[in-house]
Amino acid sequence: MLLSIIGNSIVIILVLVGLLFFAGGAVGILRFPDFYSRLHPAGKLDTMGVSMTMIAMAVYSLLHGFTLTALLTSLKIMLIVVFIFITSPTATHAIVDAGVRAGLAPWAKEDSGEEAP
Amino acid sequence: MRIFGLLTVLLCGGLLIYHTADFPAWGDPASPASTHLSPYYIEHSIDDTMVPNLVTAVLADYRSYDTMFETVVVFAAGIACFFLLRAAKSKTPESMLYRHIPTGITLRIEKGSKTPPDSADFERIDSVWVPYDLIIKITCRLLVPFIQLFALYVVAHGHHSPGGGFQGGVIFGAALILFALTHNLSNSLKRINEKTSALFAASGVLVYAGTGILCLLLGANFLDYSALAPLLGGDPKMAHSHGILIVEIGVAIAVMAVMVWIYYNLASRGRHDEGL
């Protein structure tokens, strides 16, 4: 009983923290001034939000009986976390790289109020 | 002439829309499909084919003809891209770029001039060449084997979970395209060239149709896998399960090869000299 309460609270806390990261990422994408700085929340906070919520799911699948099936499910979810943790920042890096190569200048404080050249 | 075309389209479209009114209602329990077909599949598929996944049983056993011609459609798409896009004659370009790897110097060689010798020091590069990005390259090198392994899992696990030949083949093709994207076209053409991909595309369809013909030769109907029981061992019901797996592998090979083939033709505008 106590174990279930502790497990459930861990799941709830992880999901809430993950959602907080997602919310921060969404606000950042909307509020930041230019392409590069918008990729910053898109890359970092989404990765963290996905990781947190996925870990919460991995814990949740173990809560209802610690069986081999449940263990396999949570292992698979943890694998998803690992792959997202590797690929999502790489994708952001690739997009930034493409932006730099295409010649998009980063936003600077002097030309605030205007479109980035 | 155009007015006739328009009239034909309008007439056909109108007829189609008019006759949709005759269809049974969405989810109608009294429609023919729900009264005998679906209950039969639901009740008998596990006994007939030993496949727990109903969708796979219907797709690759009861409706095997459909799936065979779906594979043929995929193959035809690859062939169509080949005929539409592939440039028949590879023109020698006006100038070629070579990169001296130890120094990083790029040489521009005009048409007709002497090209550098084939050695590890020189490599031919695309006209829109960009330096290799270490991070992206390493990440993809890390991921491609896992994606391919997952593709094989999806193909083999179609009996028990969502998956099967089409999905697994697409994932495998996507892994190869990811490799081509992170390296370049000539690099991936070295791994799997155009002839190989075309051959694989055709042989995938051949595996499917060949299984059907083998059943025919063994004295059963086309694609009736129970005839394969003496070859595969086990009883006729297990032969259905194995037969589905063979067919799925054929589908996966065809889909994978066609994906790669279409990518090659699209990425290089049919010239296969340089591209992403």
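Our structure's up above, just so we're on the same page.
Computed from a prediction, not measured in an experiment: that's the story for all the values here. (Residues numbered from 1 in each chain as written. Chains lettered and ligands numbered in written order. Predicted model: local features only at pLDDT ≥ 70, side-chain atom pairs only at ≥ 80, totals over all residues. Heavy atoms only, no water.)

Participant: I'd like a rundown of the overall build of chain B, residues and numbers included.
Facilitator: When helices and strands are tallied, chain B shows 10 helices and three strands. Secondary structure elements in chain B, listed N-terminal to C-terminal, are α-α-α-α-β-β-β-α-α-α-α-α-α. Each of the 276 residues in chain B was classed as buried or not, and the buried ones make up 36%. Counting only contacts in chain B whose residues sit at least 6 apart along the sequence, the fraction spanning at least 24 positions is 59%. Looking at chain B as shown, the accessible area adds up to about 16600 Å², and 69% of this sits on carbon and sulfur atoms. If you average the places of the 18 positive and of the 21 negative side-chain charges in chain B, the two averages end up 18 Å apart. (Helix = DSSP H or I, 4+ residues; strand = E, 2+ residues; numbered from the N terminus. Buried < 20%, exposed > 50% of the residue type's maximum accessible area, 1.4 Å probe, protein only. Contact = heavy atoms within 4.5 Å. Areas by Shrake-Rupley, 256 points an atom, 1.4 Å probe, with all protein chains shown as cover. Lys, Arg positive; Asp, Glu negative; His and termini not counted. Charge placed at Lys NZ, Arg CZ, Asp CG, Glu CD.)

Participant: Describe in detail the interface of chain B and chain A, supporting the description with residues and values.
Facilitator: With 10 residues of chain B in contact, the opposing surface of chain A contributes nine residues. The junction of chain B with chain A conceals about 760 Å² of combined surface from both sides, 75% of it contributed by carbon and sulfur atoms. Considering only the side of chain B, the residues that lose the most area to chain A are I136, T139 and L143 of chain B, jointly responsible for 43% of the buried surface there. Summed over the shared surface of chain B and chain A, the result is zero salt bridges. By residue class, the composition of the side of chain B that touches chain A is eight nonpolar, one polar and one charged. (Buried area = accessible area lost by both parts, 1.4 Å probe. Salt bridge = Lys/Arg side-chain N within 4 Å of Asp/Glu carboxyl O. Nonpolar A, V, L, I, M, F, W, Y, C, P; charged D, E, K, R; others polar.)

Participant: Go over the nonpolar core with me, naming the residues and quoting the values.
Facilitator: Residues and elements named next belong to chain B. The biggest cluster of nonpolar side chains holds 16 residues, and the ones touching the most others in it are M68, Y208, L223, Y225, I244, V247 and V251. Elements represented by at least two residues in this core include exactly α3 (54-62), α8 (194-217) and α10 (236-267). With four residues, the top contributor of residues to this core is α10. Not counting chain neighbours up to four residues away, the residues in contact with L223 comprise S64, Y65, M68, Y208, G212, C215 and V247. Within the second largest apolar cluster, 10 residues are counted, among which are L176, I177, A180 and L185. (Core = buried A, V, L, I, M, F, W, Y, C linked by side-chain atoms within 4.5 Å.)

Participant: Before we move on, could you go through the sheet that holds strand β3 (residues 122-125) of chain B and cite the residues and values that matter?
Facilitator: All names here are of chain B. Taken in spatial order, the three strands make up an open sheet running β2-β1-β3, and their pairing is antiparallel. Where the open sheet ends on each side, the last strands, each with one partner, are β2 (105-110) and β3. Strand-to-strand twist of the sheet, defined as the mean angle between neighbouring strand axes without regard to direction, takes the value 35°. Two elements, strand β1 (residues 95-100) and β2, share six bridges in a ladder whose sense is antiparallel. Its bridge partner lying in β2, S95 is registered against E110. (Pairing = 2+ DSSP bridges. Axes fitted to C-alpha atoms, helices over the stretch in contact; angles between N-to-C directions.)

Participant: Help me get a handle on the packing of aromatic side chains, residues and values and all.
Facilitator: Residue and element names in this part refer to chain B. According to the stated counting rule, one finds 10 aromatic pairs over all chains in the structure shown. With centroids separated by 6.2 Å and ring planes inclined at 75°, the aromatic side chains of Y40 and Y62 adopt a geometry described as edge-to-face. With Y40 in helix α2 (residues 32-49) and Y62 in helix α3, this pair connects stretches of sequence that are 22 residues apart. Note on Y40: relative accessible area 37%, which makes it partly exposed. We classify Y62 as partly exposed; its relative accessible area is 24%. For the ring pair Y41 and Y62, a centre distance of 4.6 Å and an interplane angle of 35° mean the geometry is tilted. Placement of the pair is Y41 in helix α2 and Y62 in helix α3, with a sequence separation of 21 residues. Through a chain of ring-to-ring contacts, the aromatic side chains of Y40, Y41 and Y62 assemble into a single cluster. (Phe/Tyr/Trp six-rings, centres within 6.5 Å; stacked < 30°, edge-to-face > 60°.)

Participant: Any chance you could break down the environment of P102 of chain B for me, citing the residues and the numbers?
Facilitator: Within the fold, P102 of chain B resides in the loop between β1 and β2. Residues P102 of chain B and D121 of chain B lie 19 residues apart in sequence; the distance between their C-alpha atoms is 6.6 Å.

Participant: Account for the pattern of salt bridges, with residues named and values stated.
Facilitator: Think of it this way: side chains of opposite charge can pair up when their charged atoms draw near. Residues and elements named next belong to chain A. For the structure on display, the rule yields two salt bridges over all chains. R101 is the salt-bridge partner of D97, the closest N and O atoms lying 3.5 Å from each other. Remark: R101 and D97 occur in helix α3 (residues 68-102); sequence separation between them is four residues, near one turn of the helix. Note on R101: relative accessible area 45%, which makes it partly exposed.

Participant: Give a detailed account of a nonpolar patch on the surface, specifying residues and quantitative values.
Facilitator: All names here are of chain B. A surface patch of nonpolar side chains, about 560 Å² in accessible area, is lined by I213, L214, L217, L218, L231 and L232. When residues of the nonpolar patch are assigned to their parent elements, the largest contribution, three residues, is made by α8. Checked against the element boundaries, L232 lands in helix α9 (residues 229-232). (Patch = residues over 30% accessible without salt bridge, like charges linked within 9 Å, V, L, I, M, F, W, Y side chains within 5 Å.)

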